[in-house]
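Structural overview for review
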Amino acid sequence: QTSGGSYGLGKAVYWRFSAVNTVLFNSTVLPNEGCDGKTHNRLFGISQGSVHRVGGHRLQGRGSFGVESGDHTVSCFSDEQTVEALSLARPKNTTGTTALIIGFRNPDEVQTVDELVDGLGVAIQRNFWPLIARDQVAFRVEVEHNGQLQESKLITPDGPSAELALALRKFDRGDLQATLESPGDTVTKPILLKVPRRKSDSPHDAFDYEAQLVVTLTNGDPRENRVELFRGPQMIVETIPIRNIAQSFRAFVAAGRGRVLLEPSEADSRADDFLRRAEPPSHDKWIPGSAPQTSLAAHYVGAYSRNLKEFGTSIVDAIRSIFDAPSPPD
């Protein structure tokens with residue numbers, strides 16, 4: 001699976017939530033990434049130093065937590081006692097990274113631990129329900145105090161995302177209906193995405209790609225009708241509200257590598273990369289607005305903005321055709 005983003009800015013979120021702009025990392029790496037046979041407790045840290053004064057001198061820059069190697073600092077493979085003392089212990093049998101945010105605080109609002117845990121669980125459900133529904137990853141939120149486990153909560157696609165998760169599983173199984181008659185019925189419809197010619201990094205000609213719109217009938221509030229869009233990383237990128245349809249439904253568009261559970265095609269991969277380049281640094285939009293899409297301009301030739309706008313219009317039109325609802329005026 002390729003990375004979810006194009007800008008490399010996501011990791012900056014860690015430091016934004018640290019009151020002292022400092023984050024420590026401990027990783028268990030693959031054997032070919034180890035050193036002298038060591039793969040566990042690869043330790044490193046960074047302090048994103050803000051501008052400050054010491055002894056009349058104006059200082060700025062960042063500091064690193066590791067071992068010296070020439071004129072810079074690198075990670076080191078540490079021992080169990082050190083990582084335990086740093087609250088960074090992690091299991092040996094799974095690769096991955098534990099991040100410790102020093103002086104954690106929400107920069108936008110003051111929250112209690114309970115509010116933070118509940119909000120994190122809701123955000124995971126809302127943004128990553130395709131991953132959970134497809135059993136691609138498991139999320140667990142735990143609370144420890146002085147080394148003692150206080151709470152452990154497995155995040156499931158319940159609540160607002162439950163009907164979407166069920167519809168995705170039915171879509172993957174091919175358990176679909178021809179029309180929407182009763183709550184739980186699920187239909188699908190192809191949505192055309194015109195992928196322009198790529199001029200760099202594995203160039204290809206322009207081609208027509210079919211993403212899949214999946215719609216399920218629900219018992220909810222029609223004012224909440226919307227379509228959620230995702231691709232390969234299976235994180236919700238954008239939500240399109242649908243107005244003036246009397247029946248209640250939930251819907252999503254699976255595109256790129258997210259269109260199928262296993263073995264995406266070459267067309268899926270190329271469409272996925274096009275959509276990835278269409279996303280801004282916040283990764284919350286495919287359908288372009290007023291902001292320039294410099295990442296697309298660097299890699300593609302053609303009417304990529306128009307293609308994406310037509311893709312968004314086709315989604316709305318397809319929803320209205322399923323419910324025989326008239327399209328809104330321009």
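Here's what I pulled together on the structure shown here.

The rules behind the values
- Residues numbered from 1 in each chain as written.
- Predicted model: local features only at pLDDT ≥ 70, side-chain atom pairs only at ≥ 80, totals over all residues.
- Heavy atoms only, no water.
- Helix = DSSP H or I, 4+ residues; strand = E, 2+ residues; numbered from the N terminus.
- Contact = heavy atoms within 4.5 Å.
- Areas by Shrake-Rupley, 256 points an atom, 1.4 Å probe, with all protein chains shown as cover.
- Core = buried A, V, L, I, M, F, W, Y, C linked by side-chain atoms within 4.5 Å.
- Buried < 20%, exposed > 50% of the residue type's maximum accessible area, 1.4 Å probe, protein only.
- Polar contact = N/O pair within 3.5 Å; in protein donor to acceptor, adjacent residues only side chain to side chain.
- Expected span 1.5 Å × (residues − 1).
- Salt bridge = Lys/Arg side-chain N within 4 Å of Asp/Glu carboxyl O.
- Pairing = 2+ DSSP bridges.
- Phe/Tyr/Trp six-rings, centres within 6.5 Å; stacked < 30°, edge-to-face > 60°.
- Axes fitted to C-alpha atoms, helices over the stretch in contact; angles between N-to-C directions.

Attention shifts here to the overall build of the protein chain. Within the protein chain one finds seven helices and 18 strands. By principal-axis analysis of the C-alpha atoms, the protein chain measures approximately 70 × 50 × 45 Å. Taking the contacts inside the protein chain whose residues are at least 6 apart along the sequence as the reference set, 63% of them involve residues at least 24 apart. A total accessible area of about 18600 Å² is found for the protein chain, and carbon and sulfur atoms account for 50% of it.

As a further point, take the nonpolar core. The biggest cluster of nonpolar side chains holds 38 residues, and the ones touching the most others in it are Leu-193, Leu-213, Val-215, Val-227, Phe-311 and Ile-319. Among the secondary structure elements, those contributing two or more residues to this core are β12 (186-195), β14 (207-217), β15 (226-230), β17 (249-254), α5 (266-278) and α7 (304-322). Sequence-distant contacts of Leu-193, defined by excluding residues within four places in its chain, comprise Phe-207, Asp-208, Tyr-209, Ala-271, Phe-274, Leu-275, Asn-307, Leu-308 and Phe-311. The next biggest cluster of nonpolar side chains, apart from the first, holds twelve residues, and it includes Ala-165, Phe-171, Val-214 and Ala-254.

What follows covers the environment of Asp-221. Turning to its location among the elements, Asp-221 is positioned in the loop between β14 and β15. Relative accessible area serves as the criterion here: at 26%, Asp-221 is assigned to the partly exposed category. A distance of 2.8 Å separates a polar atom in the side chain of Asp-221 from a polar atom in the side chain of Arg-223.

The subject of this paragraph is helix α4 (residues 162-173). Between its terminal C-alpha atoms α4 stretches 17 Å, which fits the 16 Å expected from twelve residues at 1.5 Å a residue. Restricting attention to buried positions, one finds in α4 the residues Leu-164, Ala-165, Ala-167, Leu-168, Lys-170 and Phe-171. Where α4 is buried, its residues meet α3 (113-133), β12, β14, β15 and β17. In the segment just after α4, Gly-174 is the residue with positive phi, at about 75°.

Here we take up the pattern of salt bridges. For the coordinates displayed, the defined rule picks out 17 salt bridges. The closest approach of N and O atoms between Asp-272 and Arg-257, which form a salt bridge, is 3.1 Å. With Asp-272 in helix α5 and Arg-257 in the loop between β17 and α5, this residue pair connects regions lying 15 residues apart in the sequence. Overall, Asp-272 belongs to the buried group, its relative accessible area being 0%.

Within β14, nine of the eleven residues are buried, which leaves it mostly tucked inside the rest of the structure. Across six bridges, β14 lies against β17 in antiparallel orientation. When the bridges of β17 are listed, Gln-212 appears paired with Ala-254.

On to the packing of aromatic side chains. Following the criterion strictly, the structure yields twelve aromatic pairs and no others. The interplanar angle of 80° and the centroid separation of 5.8 Å between the aromatic rings of Tyr-14 and Phe-25 together place this pair among those described as edge-to-face. Here the residue Tyr-14 occupies a position in helix α1 (residues 12-16), and Phe-25 occupies one in strand β1 (residues 22-28), the gap between them amounting to eleven residues. Relative accessible area serves as the criterion here: at 17%, Phe-25 is assigned to the buried category. Ring centres of Phe-274 and Tyr-300 lie 5.2 Å apart, and the angle between their planes is 70°; on these two criteria the pair is classed as edge-to-face. In this pair, Phe-274 is assigned in helix α5 and Tyr-300 in strand β18 (residues 300-301), connecting sequence segments 26 residues apart. Following the ring pairs from residue to residue traces out a cluster consisting of Trp-129, Phe-171, Phe-230 and Phe-252.

Our next topic: the sheet that holds β14. The strand order across the open sheet built from five strands is β12-β14-β17-β15-β16, with neighbouring strands paired in mixed fashion. Every other strand in the sheet has two partners, leaving β12 and β16 (238-241) as the edge strands with one partner each. For this sheet, the mean inter-axis angle between neighbouring strands, taken without regard to orientation, is 25°. Pairing of β12 with β14, which is carried by ten bridges, proceeds in the antiparallel orientation.

It is worth spelling out the environment of Arg-42 at this point. Within the secondary structure, Arg-42 sits in strand β2 (residues 42-47). Sequence separation of Arg-42 and Phe-252 is 210 residues, and the distance between their C-alpha atoms is 40 Å. Sequence-distant contacts of Arg-42, defined by excluding residues within four places in its chain, comprise Phe-25, Asn-26, Ser-27, Val-29, Glu-33, Ser-75, Cys-76 and Phe-77. Polar contacts involving the side chain of Arg-42 include one to the side chain of Ser-75, which spans 3.0 Å.

Another aspect to go through is the side chain of Glu-279. Inspection of the secondary structure puts Glu-279 in the loop between α5 and α6 (294-299). Judged by relative accessible area, which is 1%, Glu-279 ranks as buried. At a separation of 3.0 Å, a polar atom in the side chain of Glu-279 contacts the side chain of Trp-286.

What follows deals with unusual backbone geometry. Phi at Asn-21 is positive, roughly 55°, even though this residue is not glycine. Mapped onto the secondary structure, Asn-21 falls in the loop between α1 and β1. The class for Asn-21 is partly exposed, based on a relative accessible area of 25%. For Ser-87, which is not a glycine, the phi torsion comes out positive at approximately 60°. By relative accessible area, which is 56% here, Ser-87 ends up exposed.

Take it as geometry only, folks, not as evidence of what the structure does.
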